[in-house]
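Residue-level structure breakdown
Given next are the chains, with one letter for each unit.
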Amino acid sequence: MNNRLVAFLVGIVIGAAALYFFLPGPGAPITAATVNTTGPAAKPAGPTAAAGSTLATVRARGYLQCGVSQGLPGFSNPNDKGEWSGIDVDFCKAVAAAVFGDATKVKYRPLSAKDRFTALQSGEIDLLSRNTTWSMSRDTSLGFDFAGVIYYDGQGFLVKKSTGITSAAQLDGATICTQTGTTTELNMADYFRGQGMTYKVLAFEKNEESLSAYDEGRCDAYTTDASGLHAQKLILKTPDEHLVLPEIISKEPLGPLMRQGDAQWADIVRWTLFALINAEDLGVTQGNVELMRTSQSPDIRRLLGAEGAYGEAIGLKAEWAADVIRAVGNYGEIYNRTVGPDTPLGIPRGLNALWKNGGLMYAPPIR
Amino acid sequence: MRAAKSKGFGSISWTNPRLRSLVYQLLAIGGTVAIISFFVLTARANLERQHIASGFAFLDHTAGFGVIQALIPYTEESSYGRVFLVGLFNTLLVAVIGTVFAVALGFVIGVARLSNNWLIAKLAAVYVEVFRNIPLLLQLFFWYFVILRPLPGPRESIKLLPDVFLSNRGIVMPAFGSTQATLAFVLVTLATIIGVIIMRRWARKRFLATGQTFPDGRLSLALLVALPLGAALIFGAPFSLTPPVMGPFNFVGGWHLLPEFVALTFGLTVYTASFIAEIVRSGIQSVSKGQTEAAYAIGLNPSQTLRFVIIPQALRVIVPPLTSQVLNLTKNSSLAVAIAYPDLVAVFAGTVLNQTGQAIEVIAITMAVYLVISLATSYAMNVYNARVAIVER
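What counts, and where the lines are drawn
- Residues numbered from 1 in each chain as written.
- Chains lettered and ligands numbered in written order.
- Predicted model: local features only at pLDDT ≥ 70, side-chain atom pairs only at ≥ 80, totals over all residues.
- Helix = DSSP H or I, 4+ residues; strand = E, 2+ residues; numbered from the N terminus.
- Buried ≥ 20, exposed ≤ 12 C-beta atoms within 10 Å, placed from the backbone.
- Contact = placed C-beta atoms within 7 Å.
- Rg over C-alpha atoms; globule rule 2.2 N^0.38 Å.
- Nonpolar A, V, L, I, M, F, W, Y, C, P; charged D, E, K, R; others polar.
- Domains from an automatic or database assignment.
- Pairing = 2+ DSSP bridges.
- Axes fitted to C-alpha atoms, helices over the stretch in contact; angles between N-to-C directions.
- Expected span 1.5 Å × (residues − 1).
- Parallel < 35°, antiparallel > 145°, perpendicular 65-115°, else oblique.
- pLDDT = per-residue confidence, 0-100.
- Core = buried A, V, L, I, M, F, W, Y, C linked by C-beta atoms within 7 Å.

Brief notes about the overall build of chain A
The number of helices and strands found in chain A is 14 helices and 14 strands. Residues classed as buried in chain A amount to 48% of the 367 residues present. The long-range fraction of contacts in chain A, counting pairs at least 24 apart against all pairs at least 6 apart in sequence, stands at 70%.

If you want it as structure tokens, here you go:
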């Protein structure tokens, strides 16, 4: 290569790096409030500029872009017609119903665990609803806000029954398959370190690759969130020959997340989740929502927009929550339809039951 | 750029070509700087608005995840900076081993394609056409998922040699350790190598001065085998072998070659060798037949003809495109991520990027690394090329 050209390229790279780190930052930090008043038109074009008013961008576009997994039964999984279903997908539909009054105005973007955060940061999607663990670093330094917890999960291990292993404490020295770019990699490291055991991790980019590596014997165990273990066990060659170990080694509160810095959009997503939980709490279902609008209970009347206009404070219409429940039902209905005891996954409510039934699902009131 | 026959700057007029070109160049530089500043400032403003951390402080933070193959000491408590080095060395390992094997295999296949033996020539042609025309990613999938994955588990391993086993966990071999005789053995081997180099220099000098040949090739081979072997016989076994033993899951102890590593290195080697073979063939064919006939006419035998007449001239044609192939092999090693080999892209631009969310910094570092590796390789190959290039007098 021509030496002068090399020098030029290197010069550009060094120059850009120098500019990036030594130029003074942009004057006053732009707060969400100023952005909201100036509106999207005042901002320069480009996907990240959409961070200002996500609601306006979504409305102008006409549909919600929702990041989901590449296929995890019960959470987000396409059927043979390409229709998506699952608890995470239903949440995307709920947000679309809140914004548009129409749950079909969603486009799903299947994302690997590795790519999901970059997609959200860059503005490629408006909302990430992809069995993602709420952790401090993701909430802070990655520049995201979590709306809350849609599913309380924990990490476990799957082994072959033929190995005779019945406890995670027997996994010393095992090779373990997992997916790269997940909290499972970190939890596993912490668990084995804490127990003074050694392990080898084989991290694939896609779930199905690491699962098939386990199925074909490249690894001794497979690890992911317990819900995922139950779901993925079903697609192994012989599900009956595998065992989910009893140990749960981590807390995995899964929830939807959005970019930090747009308080209005964060409120919409957060209160959509709360509306789903409140609806179950108050006994409002997909079937009785019309009837309930005439209810005497002030809590129900406020939720469904028959009294007050709580939706307007977040840029939506008064009946936003009624639209959500009409479209997807309440939290309990979504749970039972996607991962509950009557589905192939058959996961009992457990921690995900309402607070008054011994679970952790509890939503602040709408008032 | 125009030749500088400077007679002062000349008149300040648009018709003055020197002034005009200076203005254009300043505009071009200003435009470039403005565009880059715009991108940089926009990126910074957006990062700040979204509260995404930036800077390189994360390199000192604890990584907290495991890597299956590390050539340097690494634990989960090591820093992201350490993970970067682990990934870098894993990439370099594949690149170096792949390059050595690909060049060797490529030369053999390239020469074989020109063989007078019909069968050998056709086999080499089939090799080239098959491996050159199938996408590399598919080939990696083939070696990894089709060939290595269905192998039996560790307990049913195939015994290749005593204490060397092949299973779906890779190849396990005894670990080499040092004994009391190791130092003596290494010293004798080093002394032999130095002696051989001195002898070959002397032989070449004498050949150039007097024209007398000396059987230095055969002699150096004999010395290189005989002296270290003698040292081993006198001082005892130079290495101890610790055989692997079966643990609860897999072999414990010994050296392990991961199937991901084997598949990646093998796939890269086989693929790149097919291109190198064609480069070698074209290099040899570029030497006119008259050269061979002239060499025979002055009494050189076929192997001498190849060594002293054809190869030196062919190398002038071979080396520049060979550089590109070596660079390609290094860059293609980033396909490792598809088969879970922990190279730089997989662990650093993959896991670290995901854990820290600092896409700009991580990708910039990764790109800079490949740029530096490529430029360094280019430089080394250019130095070699200058040595074999035609010397004009």
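Thoughts on the overall build of chain B
Helix and strand content of chain B: 11 helices and eight strands. Computed over the C-alpha atoms, the radius of gyration of chain B is 28 Å, more than 25% above the 21 Å expected from 2.2 N^0.38 for a compact globule of 393 residues. Dimensions along the principal axes, computed over C-alpha positions, put chain B at roughly 80 × 70 × 45 Å.

Focus on the interface of chain B and chain A
Each partner contributes to the interface: chain B provides 38 residues, whereas chain A provides 45 residues. Taken together, the elements giving at least two residues each to the side of chain B that touches chain A come down to α1 (17–49), α10 (344–356) and α11 (359–388) of chain B. Looking at the side of chain B that touches chain A element by element, the count peaks at nine residues for α1 of chain B. Of the residues assigned to the side of chain B that touches chain A, the class counts are 17 nonpolar, 15 polar and six charged.

Some words on the domain arrangement of chain A
It is common to give the size of an interface as the accessible area that goes away when the parts come together. All names here are of chain A. Parsing chain A into structural domains produces domain 1 (52–152 + 254–357) and domain 2 (155–250). Each partner contributes to the interface: domain 1 provides 15 residues, whereas domain 2 provides 14 residues. Looking at the side of domain 1 that touches domain 2 residue by residue, the classes come out as eight nonpolar, six polar and one charged.

As for the pairing of strand β11 (residues 221–225) of chain A
Residues and elements named next belong to chain A. Most of β11 sits inside the fold, with five of its five residues counted as buried. As paired elements, strand β8 (residues 155–160) and β11 share five bridges and run antiparallel to each other. Residue pairing in the sheet places V159 in a bridge with A221 of β11. Pairing of strand β9 (residues 174–179) with β11, which is carried by two bridges, proceeds in the parallel orientation. Among the inter-strand pairings, I176 is bridged to a residue of β11, identified as A221.

Considerations on the sheet that holds β11 of chain A
Residues and elements named next belong to chain A. Strand order in the open sheet made by the five strands is β10-β9-β11-β8-β12, with mixed pairing throughout. Only two strands of the sheet have a single partner each, and these edge strands are β10 (199–204) and β12 (242–244). The mean inter-strand angle of the sheet, taken between neighbouring strand axes irrespective of direction, is 30°.

Details of helix α9 (residues 302–332) of chain B
Residues and elements named next belong to chain B. In this model, α9 (31 residues) spans only 37 Å end to end at C-alpha, well below the 45 Å of a helix rising 1.5 Å per residue. Among the residues making up α9, those that are buried are I310, A314, I318, L322, T323, Q325, V326, L329, T330 and N332. Of the surrounding secondary structure, the elements contacted by the buried residues of α9 are α2 (80–113), α4 (136–148), α7 (259–285), α8 (289–297) and α11.

So, the environment of V362 of chain B
Residue and element names in this part refer to chain B. Take V362: it is sitting in helix α11. As for V362 and V352, which are separated by 10 residues in sequence, their C-alpha atoms are 7.8 Å apart. Every residue in contact with V362, bar those within four places of it in the chain, is listed here: F348, A349, V352 and L353.

Some remarks on the sheet that holds strand β2 (residues 164–167) of chain B
Residues and elements named next belong to chain B. Pairing is antiparallel in the open sheet, where four strands are placed in the order β1-β2-β3-β8. Lying at the two open borders of the sheet, with one neighbouring strand each, are β1 (158–161) and β8 (255–257). For this sheet, the mean inter-axis angle between neighbouring strands, taken without regard to orientation, is 25°. Where β2 and strand β3 (residues 170–173) come together, three bridges link them in antiparallel fashion. In the sheet register, F165 faces β3, and the bridge partner there is V172.

Focus on unusual backbone geometry
The general pattern is negative phi for most residues beyond glycine and trans for most peptide bonds. All names here are of chain B. In this structure, D163 is a non-glycine residue whose phi angle is positive, near 65°. Relative to the helices and strands, D163 is located in the loop between β1 and β2. Even without being a glycine, A340 presents a positive backbone phi close to 65°. Examined against the element boundaries, A340 turns out to sit in the loop between α9 and α10. Judged by the 27 C-beta atoms lying within 10 Å of it, A340 is buried.

Considering helix α8 (residues 207–215) of chain A
All names here are of chain A. Considered for burial, the residues of α8 that qualify are N207, S210, L211, A213, Y214 and D215. Contact partners of the buried residues in α8: β9, β10, β11 and α9 (226–233). Just beyond α8, the residue with positive phi is G217, at close to 90°.

Observations regarding the packing of α2 of chain B against α10 of chain B
Residues and elements named next belong to chain B. Axis separation between α2 and α10 bottoms out at 7 Å; the angle between their running directions is 160°. Comparing their axes, α10 and α2 come out roughly antiparallel. In contact with Y80, V83, F84, V86, G87, L88 and T91 of α2, α10 contributes L344, V347, F348, V352 and T356. Looking at side-chain class alone, the contact of α2 with α10 contains nine nonpolar, three polar and no charged residues.

Some thoughts on the confidence of the model for chain B
Residue and element names in this part refer to chain B. When pLDDT is averaged across chain B, the result is 88; 97% of the residues are at 70 or more. The low-confidence segment residues 1–6, where pLDDT is below 50, has one contact with residues more than four positions distant or belonging to other chains. Predicted complex metrics record ipTM = 0.75 and pTM = 0.79.

Concerning the environment of S76 of chain A
All names here are of chain A. Looking at the element boundaries, S76 is found in the loop between β1 (64–68) and β2 (77–78). According to the C-beta neighbour criterion, S76 is buried, with 28 such atoms within 10 Å. Each C-alpha atom, one on S76 and one on V89, is 5.5 Å from the other, the two residues being 13 residues apart in sequence. Here S76 is in contact with V68, S69, W84, G86, D88, V89 and R130, once residues within four sequence places are set aside.

Thoughts on the nonpolar core
Counting residues in hydrophobic clusters, the biggest one holds 85 residues, and the most contacted among them are L202 and A221 of chain A together with V83 and L264 of chain B. When residues in this core are grouped by element, the largest group, 12 residues, is from α7 of chain B. Apart from the residues lying within four places of it in its own chain, the contact partners of V83 of chain B are A63, V67, S78, V347, F348 and V352 of chain B. Ranked by size, the runner-up nonpolar core spans 70 residues in total, among them F75, I87, M258 and A279 of chain A.

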